Amino acid sequence: MMLTGNRGLTTAEAERRFADGQGNVTPNGSSRSLWEILAANVFTLFNGIVFAGFGVLLALGRWQDALFGLPALFNTVIGVVQEFNAKRTLDRLAVLNAPTARVLRDGIAVEIPLDRVVLGDLLVLQTGDQITADARVVESDHQGPSGLEIDESLLTGESDPIRKRPDDEVLSGSSVVGGSGTAEVVRVGADSYAAKLTAEARQFSLVRSELRGSIDRLLKWVTWALGPMILIVANGQMQAQGGWEAAIASGHWREAVVGAVAAVIAMVPLGLVLVTSIAFAVSGVTLAQRQVLIQELPAVEGLARVDALCLDKTGTLTTGEMAFDRAIPLRSVPGWDGILGHMGAAPDANGTARCLAAPFGDATAPHAPEVIPFDSARKWSALVIAAPLDQARPDAPAAGTWVLGAPEFVLDAKLDPRVADALREAGRLADAGSRTLVLAHSPVRPPAGEQPELPEELLPVALLTFHEEVREDAAQTLRYFAEQGVDVRVISGDDPRTVAAVARKVGLDSATARDARTLPEDLDELAEVMEQERVFGRVTPRQKLDMVRALQRKGHVVGMTGDGVNDALAIKEADLGIAMDTAAQATKAVARLVLLDGRFDRMPGVVAEGRRVISNIERVSMLFLTKTTYAFAIAVVFGLLAWSFPFLPRQLSITDGLTIGIPAFFLALMPNAARYRSGFLKRSLAFAIPAGLVVTLAIIAVHIGASRIAEYSGMELQSASTLTLAGIALWVLAVLARPIHPFRVLIVVAMYAGLALVWVIPFLRDFFQVTWLPTELGLLVLGVVGVGVVLVEVLRAWHVRATRRAEGVLQ
């Protein structure tokens, strides 16, 4: 790049300014402090209820019944440790992935860390760079109508590049998509836009998701219901002990308090949030080991829900590396090889143009040409050359305008019939799978104006062919998506024929590709096209965004992959944005996940991991919601009827641990390939509420039946109730663990064995205050549990059929 004398700051002056606090230093804290993390995880309403009950039982000397406090404490510790580790990870990632800046120091362009940029530094900007500090353009090597072209899509939402001239301001967070130049830093640190973006990106943020939103909504309902429920239960337990005055006088109020605490604690689904968080965290770690960075853990839900995946051809289906094949001369114009060599060696050359540097680098280059940089929308770049400096050299490039670009964008047979043969040959090469460019020449300059335009009398000089290597894993990966019901669409800015050839190589059933220039602008009309066709060429950045929106209008959950700056808007808009390792930093910044090694074959594992986690969370949530349902129902019935609560807190610890707590952690980590669909809360409640009511009716039946058989002790009634609850709840677990898998069977059998051990081992039997049941009471429990098991099976069959019908599986 030719500069006009500004050598930038000296190293000594830059160090002095940095020492004076004028560096681009931002706060290192990436999220909540340790104290804030502790406060958020400890001082919650649920913890207040749990630990209040824990304290009351300890004060009454009933530490055996206060065991539920230990799992609650353990849950809180896990939550703190998990978020603190996430904080540390985000801090490290923020440092490791911090962008570098290219600045002039002592007249030499050097790469420095972002925080070492100081006020007054001269940024050296090239195509593909992300601007790292707010700056004012000083100069550009394109002083004509082009200048620097800046993509401000992350700031304005507009994907059209903005041309910047000297004295125009460029904001950090935007990206250079054309031209090159220098800009003086005018704002640093917390005052710069980059600092604000970085601070926001580093926050421990929560992605909006149906799954977590449903859980949060459910927990709010439970919270609101706890207040009146506590009053109902407390009054019912005191009445069961003969009334408030009698209970207080006799000391039986202690038993009433223990029963009330047991009823309230049973209503709180503490483990549901914990299991969800752990499932997300384990998934994040698992994917990280596969070189997939999940930037926000709940984005795993997006992995499970994706049913339409838009792929950018270059860098995804192909390796992204272009190789020059050959040049096909069409007309004899002096110096065309020197033009190609100059374009290939330009600092702002794109990947395709850089392939020309080696084969044509030794040819005579033009002297001080005026440059019109490549633009992804117009698909061409150009050099404007005055008369050759040395007229005697026959190999000097001819004066006029040299244009390199896509043949159908550069040439128009309607304007000049002499280009028809070149267009036909370019089409034949594209049909064969070659990426084809044309070098054209006109003896006249392009018309003056704000937007670069092609000159008149433009004729082809040579056709240039390139090829991209198709990834070895692309065909297998696309077959996986087809098997999993994920519709794949290939969208590219390349010639439709080239894109179609690549699509055929990777096994996509598409003989042709749609030219995006013929697509409708109306989103509803575009959506209809997107439903019918799968491969698209000559797609502009704005059209990529429209395609994502059109698919979303049709109800699709859309994933979008890409690596270019021009993919950023579409990736940002997609339900799941996926950036390749080679992506521009602006693109990575808006992506939900990044393929760190750029291997497209990671995608099946990514999707499978998402489906496993979300399907398992839905399965586990039904366990917790079933428990919450029967806990509320039993508390209401026994409270209003002034019956003694049928369990001690320690006995509920048995049922909670064996039917929910222990198996939930294993089930959340089991394989599961089912595709997630919306309606999580409705589906879960449709099963959990009836299942909870079955358990409630069973407990009521045992209570009434036992009172009619004989006069049983409190321990015998509580033991009968515990066995009834555990027996049916374990069958709910068995139902939800289907389809049958050896490990799932092992979990269920182990839980039944654990229940048996509580009755078989004297120490456990004494500790949990349970006993062997008299024959008649045992038969009653066995009969009630049998009926409950049948009802749970009927419920499962109905729920499966209703779910399939709702999803359109059954007609």
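None of these values were measured; they are calculated from a predicted model. (Residues numbered from 1 in each chain as written. Predicted model: local features only at pLDDT ≥ 70, side-chain atom pairs only at ≥ 80, totals over all residues. Heavy atoms only, no water.)

## A short note on the overall build of the protein
Scanning the protein from N- to C-terminus turns up 30 helices and 23 strands. Burial status across the protein gives 52% buried among its 811 residues. (Helix = DSSP H or I, 4+ residues; strand = E, 2+ residues; numbered from the N terminus. Buried < 20%, exposed > 50% of the residue type's maximum accessible area, 1.4 Å probe, protein only.)

## Some words on the confidence of the model for the protein
Considering every residue of the protein, the mean pLDDT works out to 78; 78% of them sit at 70 or more. Averaged pLDDT values for the elements of the protein fall to 51 in helix H5 (residues 153-156) and rise to 93 in strand E15 (residues 400-405). Every residue in residues 142-146 scores below 50 in pLDDT, and together they form 18 contacts with partners more than four places removed in sequence or on other chains. This model gives residues 200-208 a pLDDT under 50, and the stretch forms 23 contacts once residues within four places in sequence are excluded. (pLDDT = per-residue confidence, 0-100. Contact = heavy atoms within 4.5 Å.)

## Considerations on the sheet that holds strand E5 (residues 148-151)
Taken in spatial order, the three strands of this open sheet run E6-E5-E8, and their pairing is antiparallel. Of all the strands in the sheet, the pair left with one neighbour each is strand E6 (162-164) and strand E8 (175-178). On average, adjacent strands in this sheet sit at an angle of 45 degrees to one another, irrespective of strand direction. As judged from the three bridges shared by E5 and E6, these two strands associate in the antiparallel manner. Along E6, the bridge assignment pairs Leu148 with Lys164. (Pairing = 2+ DSSP bridges. Axes fitted to C-alpha atoms, helices over the stretch in contact; angles between N-to-C directions.)

## Focus: helix H24 (residues 603-640)
With 38 residues, H24 extends 55 Å between its outermost C-alpha atoms, agreeing within 8% with the 56 Å of an ideal straight helix rising 1.5 Å per residue. Among the 38 residues of H24, 33 are classified as buried, and the element is accordingly described as predominantly covered. (Expected span 1.5 Å × (residues − 1).)

## Looking at the nonpolar core
Across soluble globular proteins, nonpolar side chains have a tendency to be buried as a group. In this structure, Leu667 and Phe687 are the most contacted members of the largest nonpolar core, which totals 59 residues. Secondary structure elements with two or more residues in this core: helix H10 (270-289), H24, helix H25 (649-667), helix H26 (680-709), helix H27 (714-736), helix H28 (742-760) and helix H30 (775-806). Not counting chain neighbours up to four residues away, the residues in contact with Leu667 comprise Asn616, Arg619, Val620, Leu623, Leu733, Ala737, Arg744 and Ile747. (Core = buried A, V, L, I, M, F, W, Y, C linked by side-chain atoms within 4.5 Å.)

## So, helix H19 (residues 496-505)
Residues lying three or four places apart along an α-helix face the same way, a consequence of the helix completing one turn every 3.6 residues. Counting buried positions along H19 yields seven of 10 residues, so the element is predominantly enclosed. Every buried residue of H19 is accounted for by Pro496, Thr498, Val499, Ala500, Ala501, Val502 and Ala503.

## What to know about the packing of aromatic side chains
Tallied over the full model, the rule gives seven aromatic pairs. Pairing Phe638 with Trp643 gives two aromatic rings, centres 5.2 Å apart and planes at 80 degrees, and the pair type is edge-to-face. The class for Phe638 is buried, based on a relative accessible area of 1%. The exposure class assigned to Trp643 is partly exposed, which follows from its relative accessible area of 21%. (Phe/Tyr/Trp six-rings, centres within 6.5 Å; stacked < 30°, edge-to-face > 60°.)

## Focus on the pairing of strand E11 (residues 308-312)
Counting buried residues in E11 gives five out of five residues, a clear majority hidden from the surface. Both faces of E11 are covered, namely the face carrying Ala308, Cys310 and Asp312 and the face carrying Leu309 and Leu311. Pairing between E11 and strand E18 (residues 487-491): five bridges, direction parallel. For Cys310, the partnering residue across the bridge sits in E18 and is Arg489. As paired strands, E11 and strand E21 (residues 558-562) are joined by three bridges and run parallel to one another. Bridge pairing in E21 links Ala308 to Val558.

## A closer look at the environment of Ala288
If you trace the backbone, Ala288 turns up in helix H10. A relative accessible area of 40% places Ala288 in the partly exposed class. Taking the C-alpha atoms as reference, Ala288 lies 9.4 Å from Leu595; in sequence the two are 307 residues apart.

## Here's the deal with the pattern of salt bridges
Enumeration according to the criterion identifies 25 salt bridges in this entry. Between Arg136 and Glu184 there is a salt bridge; the shortest N-O distance is 2.6 Å. You can see Arg136 sitting in strand E4 (residues 134-140) and its partner Glu184 sitting in strand E9 (residues 181-187), a full 48 residues away along the chain. For Glu184, a relative accessible area of 26% gives the class partly exposed. Put simply, Glu13, Arg16, Arg17 and Asp20 are held in one network by salt bridges that share partners. (Salt bridge = Lys/Arg side-chain N within 4 Å of Asp/Glu carboxyl O.)

## A closer look at the packing of helix H17 (residues 420-431) against H19
When two helices pack together, their arrangement is given by the angle between the helix axes and by the axis-to-axis distance. Orientation of H17 relative to H19, taken along the N-to-C sense of each, is 15 degrees, at an axis distance of 7 Å. Put simply, H17 runs roughly parallel to H19. For the pair H17 and H19, the sense of crossing is right-handed. Packed against H17, whose contacting residues are Ala426, Gly427, Ala430 and Asp431, the element H19 presents Arg497, Thr498, Ala501 and Arg504 at the interface. When the residues that make up the contact of H17 with H19 are grouped by side-chain class, the tally is three nonpolar, two polar and three charged. (Parallel < 35°, antiparallel > 145°, perpendicular 65-115°, else oblique. Left-handed = near helix turned anticlockwise from the far one by under 90°. Nonpolar A, V, L, I, M, F, W, Y, C, P; charged D, E, K, R; others polar.)

## Regarding the sheet that holds strand E1 (residues 100-105)
Across the sheet, six strands lie side by side as E2-E1-E3-E9-E4-E7; this open sheet has antiparallel pairing. Both edges of this open sheet fall to strand E2 (108-113) and strand E7 (169-170), since each of them pairs with a single strand only.

## Quick notes on unusual backbone geometry
Residues other than glycine seldom take positive phi values, yet Arg538 does so here, at roughly 55 degrees. For Arg538, the position within the fold is in the loop between strand E20 (535-537) and helix H21 (541-553). The exposure class assigned to Arg538 is buried, which follows from its relative accessible area of 5%.

## Structural notes on the packing of H24 against H27
Running from N to C, H24 and H27 point in directions that differ by 155 degrees, and their axes come no closer than 10 Å. Comparing the axis directions of H24 and H27 gives the class roughly antiparallel. Here H24 runs over H27; the crossing is right-handed. Residues Arg619, Met622, Leu623, Thr626 and Tyr630 of H24 form the contact with H27, whose participating residues are Leu725, Val732, Leu733 and Leu736. Across the contact of H24 with H27, the residue classes break down as seven nonpolar, one polar and one charged.

## Some remarks on a nonpolar patch on the surface
A surface patch of nonpolar side chains, amounting to about 520 Å² of accessible area, comprises Leu34, Trp35, Leu38, Val42 and Phe43. Summarising the element assignment, Trp35 is placed in helix H2 (residues 34-42). (Patch = residues over 30% accessible without salt bridge, like charges linked within 9 Å, V, L, I, M, F, W, Y side chains within 5 Å. Areas by Shrake-Rupley, 256 points an atom, 1.4 Å probe, with all protein chains shown as cover.)

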